[in-house]
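Residue-level structure breakdown
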Amino acid sequence: MAKPPPEMLDVDGVEVKLSNPDKIYFPELGADGGRKRDLVDYYRTVAVGGPLMTALRDRPTYLQRFPDGVDGDQIYQKHLTKYHPEHVQSTRIVFPSRRTGQAFCPQIPADAVWAANLGTVTFHTWPTIAPDNDHPDQLRLDLDPFGDTAFDDARRVALDLLQPLLAELGMTGFPKTSGSRGVHVYVPIEPGWDFIATRRAVIALARELERRAPDRVTSSWWKEERGDRIFIDFNQNARDRSMASPYSVRKSPNARVSTPLTWDELVTAEPDHFTIATVPDLLERRGDPWSEMTRARVGLEPLLEMVARDDADGLGDLPYPPSYPKMPGEPPRVQPSKKVAEHWDEQGNRIE
């Protein structure tokens, strides 16, 4: 049986193809809100005259694609495809290995809808603004529940500990649901520092949160040391790491959305409240709480002072993910339970 011809959508004056609109992408929702058409319509709504493009525009963006729906195979696409419409642009990125690539760099609503038609469920953005992809303009705090902790524990850490600490430092945090169990908080900064500095700044923040509530927060990279605490995933600030963008849909049965909130909204928020069916109405009622984020940019100096104090106290860098090259000053990437002191040198090299 021949496939029906694609529909052509007008996306803010640009024609975009929609193929296989009735394919089920979210099986739990089925034909009642879970079709590819529903996903694409959601992205068109939040992109045209909405806040999605504020979150995506000019940022290197990876595509988490599920061409056969969220129960099918995933394609995690870092490089822009060779063949794409003329309106779709790319930006040069440098990976930790020093290899380079051309990443998708959305500019207009049609770009997001084009990507959604490819099966993109989630847009993952870098914390940089092209063409300067070496100097982040955001710190990203990923409050990740671990062990027996859950969303409410991450919420309480954000409200009780992180927000006051940022206020002490003269910084403003912007919270959102992760679309899963965690909470994300973005902190806008002036883009004057590289990824090494911004990552160390987040490590300093994580350590200070841990000092204030050691039974609730951990900065340990090693899972065996985390216990039932909220892990502050500092490595989300390493080069080439990206996070689900604001207003991105997540791989979830009910098409949850990673949704920006006010701090007051976070008090009673539940992840299941925010889906492709509910977020457009929420935006229509109260707008985008992150619309003025860039006006809150500040320097990194207060956090770099904390980094210097940690260094003076013998608390240096923490491990990078295993796929990264060995970094200067990085401790051994050795699981604590497997580390035997006499078998490793200070650079983390095994001594035979």
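Whatever comes next refers back to the structure up there.
Residues numbered from 1 in each chain as written. Predicted model: local features only at pLDDT ≥ 70, side-chain atom pairs only at ≥ 80, totals over all residues. Heavy atoms only, no water.

1. Remarks on helix 4 (residues 151-168)
An ideal rise of 1.5 Å per residue puts 26 Å on 18 residues; helix 4 measures up with 25 Å between its terminal C-alpha atoms. At A158, helix 4 is bent by approximately 35°, the largest bend along its length. Among the residues of helix 4, F151, A154, R155, V157, A158, L159, L161, L162, L165 and L166 are the ones counted as buried. (Helix = DSSP H or I, 4+ residues; strand = E, 2+ residues; numbered from the N terminus. Expected span 1.5 Å × (residues − 1). Bend = angle between axes of the 7 residues up to and from the residue. Buried < 20%, exposed > 50% of the residue type's maximum accessible area, 1.4 Å probe, protein only.)

2. Concerning the pattern of salt bridges
Counted under the stated rule, the structure contains 24 salt bridges. Linking K78 and D240 is a salt bridge whose minimum nitrogen-to-oxygen distance equals 2.8 Å. Taken together, the residues span a long stretch of sequence, with K78 in the loop between strand 4 (75-77) and strand 5 (90-94) and D240 in the loop between strand 12 (230-232) and strand 13 (243-244) at a distance of 162 residues. By relative accessible area, which is 11% here, D240 ends up buried. (Salt bridge = Lys/Arg side-chain N within 4 Å of Asp/Glu carboxyl O.)

3. As for the packing of helix 5 (residues 195-212) against helix 8 (residues 301-312)
The interhelical angle for the contact between helix 5 and helix 8, taken along N-to-C directions, is 70°, at an axis separation of 8 Å. The angle between the axes of helix 5 and helix 8 places the two elements in the roughly perpendicular class. On the side of helix 5, the interface is formed by A197, R200, A201, A204, L205, R207, E208 and R211, while helix 8 contributes L303, L304, M306, V307, D310 and D311. Counted by class, the contact of helix 5 with helix 8 contains eight nonpolar, no polar and six charged residues. (Axes fitted to C-alpha atoms, helices over the stretch in contact; angles between N-to-C directions. Parallel < 35°, antiparallel > 145°, perpendicular 65-115°, else oblique. Contact = heavy atoms within 4.5 Å. Nonpolar A, V, L, I, M, F, W, Y, C, P; charged D, E, K, R; others polar.)

4. So, the environment of D152
With respect to the secondary-structure elements, D152 resides in helix 4. C-alpha of D152 to C-alpha of E292: the two residues are 140 residues apart in sequence and 27 Å apart in space.

5. A few points about the packing of aromatic side chains
Enumeration over the complete set of coordinates arrives at 11 aromatic pairs. Ring centres of Y43 and F123 lie 5.0 Å apart, and the angle between their planes is 90°; on these two criteria the pair is classed as edge-to-face. Here F123 lies in strand 7 (residues 120-125) and Y43 lies in helix 1 (residues 36-47), a separation of 80 residues in the sequence. Grouping residues by exposure puts Y43 and F123 together as buried. Plain terms: the ring middles of F174 and W290 are 6.1 Å apart, the flat faces sit at 75° to each other, and that makes the pair edge-to-face. Remark: W290 occurs in the loop between helix 7 (279-286) and helix 8 and F174 occurs in strand 9 (residues 174-177); sequence separation between them is 116 residues. (Phe/Tyr/Trp six-rings, centres within 6.5 Å; stacked < 30°, edge-to-face > 60°.)

6. Comments concerning the pairing of strand 2 (residues 14-18)
Sheet topology places strand 1 (residues 7-11) next to strand 2; five bridges connect them, and they run antiparallel. Looking at strand 2, one finds that M8 is bridged to K17. Counting the residues between successive antiparallel strands, the hairpin from strand 1 to strand 2 contains two residues, one of them, D12, with a positive phi of roughly 55°. (Pairing = 2+ DSSP bridges.)

7. Overview of unusual backbone geometry
For residues that are not glycine, phi is negative in most cases, and the peptide bond is trans in most cases. In this chain, A130 is followed by P131 through a cis amide linkage whose omega measures 10°. Mapped onto the secondary structure, P131 falls in the loop between strand 7 and strand 8 (138-145). Although it is not a glycine, D58 sits at a positive phi angle of roughly 70°. At R98, a position not held by glycine, the phi torsion is positive, near 80°. On the secondary structure map, R98 appears in the loop between strand 5 and strand 6 (100-104).

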